[in-house]
Amino acid sequence: MQRLHSHTNKQKGLSLIELVVSILILSIIVMVVAQFVKAGTESYRATKDNISALSKIRFIDERLSKEIRRTRFNAVYDINVFTGTSYEFIDIDGVIVGYDFVGSTLSITYDTPAITSELSNQLTAFNFNYYASDGVSTALAVADIKFVEWVMTLSENGISYSLTNRVMLRGKP
Amino acid sequence: MRIYNTFHNQRGVSLVEIIIIVIVLGMVAMPYSNGFISVSRSFIINDEVLQSNAYAQSCAEHILYFRRSPDTATQGYANLAISATSTACVAVPNPAGLVINVDIEGALASLDPACATGNCKSVTVTVASSGQTRANIEFLLMN
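Attention here is on the structure that accompanies the text. As the structure is a computational prediction, the values presented were derived from the model and not from experiment. (Residues numbered from 1 in each chain as written. Chains lettered and ligands numbered in written order. Predicted model: local features only at pLDDT ≥ 70, side-chain atom pairs only at ≥ 80, totals over all residues.)

So, about the overall build of chain B. What chain B contains, in helices and strands, is two helices and four strands. Listing the helices and strands of chain B from first to last along the sequence gives α-α-β-β-β-β. The 143 residues of chain B split such that 22% are buried. Restricting the contact set of chain B to residue pairs at least 6 apart, pairs at least 24 apart contribute 51%. (Helix = DSSP H or I, 4+ residues; strand = E, 2+ residues; numbered from the N terminus. Buried ≥ 20, exposed ≤ 12 C-beta atoms within 10 Å, placed from the backbone. Contact = placed C-beta atoms within 7 Å.)

Listed below in structure tokens is the structure:
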């Protein structure tokens, strides 16, 4: 009994200082690891938002490019409305197509069949510009319009992409 | 007693050893940090590619208009000058940081059988950023 007691008594435990130092070292290591985990999570979120924003702005750009090129030419181009926020025209199939930007929403409207749909509601800026044949002078009348340009900025969770593009109006006989 | 000695002789890890291990691990992990940097860089490249494609497309639209223009005295196919550094797209607004080059070559029968008669011009629009090509559009114009 005496021998067992001595044996137990000689075992060394951890002092309070050792314990505190260990906790401090562990805390530092955990903090470093946490930074990596945080960076990874933020990177994933940023990648997701970037891909999403890029896809959306490309979709809008392609849609505008394809449709506006189809503006019908009939002595002059069949353009009903051409302002900074709206562009309405008759396409080569005789369908009236209109783009309108209100607030942060760009919508597209067809008359046949009657459909209005949102292209995006995440645009922080959108503007149409119209140019004459030199590509520089602003077209003030329908007869002068040869190029239609759009300038837009799309934002998603703080990530913004801006794009400027223009098309030449086709449909000329 | 023997059990006690065995226990007593076990050595732990000193603070200095832990610090050395952390430093060594840090050095090993350094190359992998480039992965995070390249992810951030890819976002910038995505933006450049997007804008470069739009810029090149706008330029191509201008050249197509020039080709189809009814003003054949100053525009049209005949007036589209052959040049490795054509100024055909000076009217298109230049997005910051992007450099455009328009190369117009003529009579390239080797490019397309349709050009065998020489009534053909090849247009190459290249947009670069920081010396790196971000967009490239090639098309043929027939007379």
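Per the secondary structure count, chain A includes two helices and 10 strands. Written out in order from the N terminus, the α and β elements of chain A read α-α-β-β-β-β-β-β-β-β-β-β. Taken over the C-alpha trace, chain A has a radius of gyration of 32 Å; the compact-globule value for 173 residues is 16 Å, which it surpasses by more than 25%. C-alpha extents for chain A along the principal axes are approximately 115 × 35 × 25 Å. (Rg over C-alpha atoms; globule rule 2.2 N^0.38 Å.)

Attention now moves to the interface of chain A and chain B. How large an interface is tends to be reported as the accessible area lost when its parts come together. With 22 residues of chain A at the interface, the matching set in chain B holds 21 residues. For the side of chain A that touches chain B, the elements supplying multiple residues, two or more each, are helix 1 (2–10), helix 2 (16–68) and strand 10 (159–168) of chain A. Grouping the amino acids of the side of chain A that touches chain B by side-chain chemistry returns nine nonpolar, eight polar and five charged. (Nonpolar A, V, L, I, M, F, W, Y, C, P; charged D, E, K, R; others polar.)

On to the sheet that holds strand 3 (residues 120–129) of chain B. Residues and elements named next belong to chain B. Spatial strand order, 1-2-3-4: four strands in an open sheet with antiparallel pairing. The open sheet terminates on both sides in strands that have one partner only, identified here as strand 1 (83–86) and strand 4 (132–142). The sheet shows a mean angle of 20° between the axes of neighbouring strands, direction not considered. Note: strand 1 against strand 2 (residues 98–106), two bridges, orientation antiparallel. Within the sheet, the bridge partner assigned to Ser83 lies in strand 2 and is Ile104. (Pairing = 2+ DSSP bridges. Axes fitted to C-alpha atoms, helices over the stretch in contact; angles between N-to-C directions.)

Okay, unusual backbone geometry next. All names here are of chain A. Looking along the chain, the bond that leaves Thr112 and enters Pro113 is cis, with omega of -10°. Examined against the element boundaries, Pro113 turns out to sit in the loop between strand 6 (105–110) and strand 7 (115–120). Look at Ala75: it is not a glycine, yet its phi comes out positive at around 75°. Looking at where Ala75 falls in the secondary structure, it is placed in the loop between strand 1 (73–74) and strand 2 (76–77).

This part is about the pairing of strand 4 (residues 86–90) of chain A. Residues and elements named next belong to chain A. Strand direction decides the pairing type here: strand 3 (residues 79–82) and strand 4, joined by three bridges, are antiparallel. Bridging across to strand 4, Ile79 finds its partner in Phe89. The sheet contact formed by strand 4 and strand 5 (residues 96–102) spans five bridges and is antiparallel. Paired with Tyr87 across the strands is Tyr99, a residue of strand 5. Hairpin connection of strand 4 to strand 5: five residues between the antiparallel strands, including Gly94 at a positive phi of 85°.

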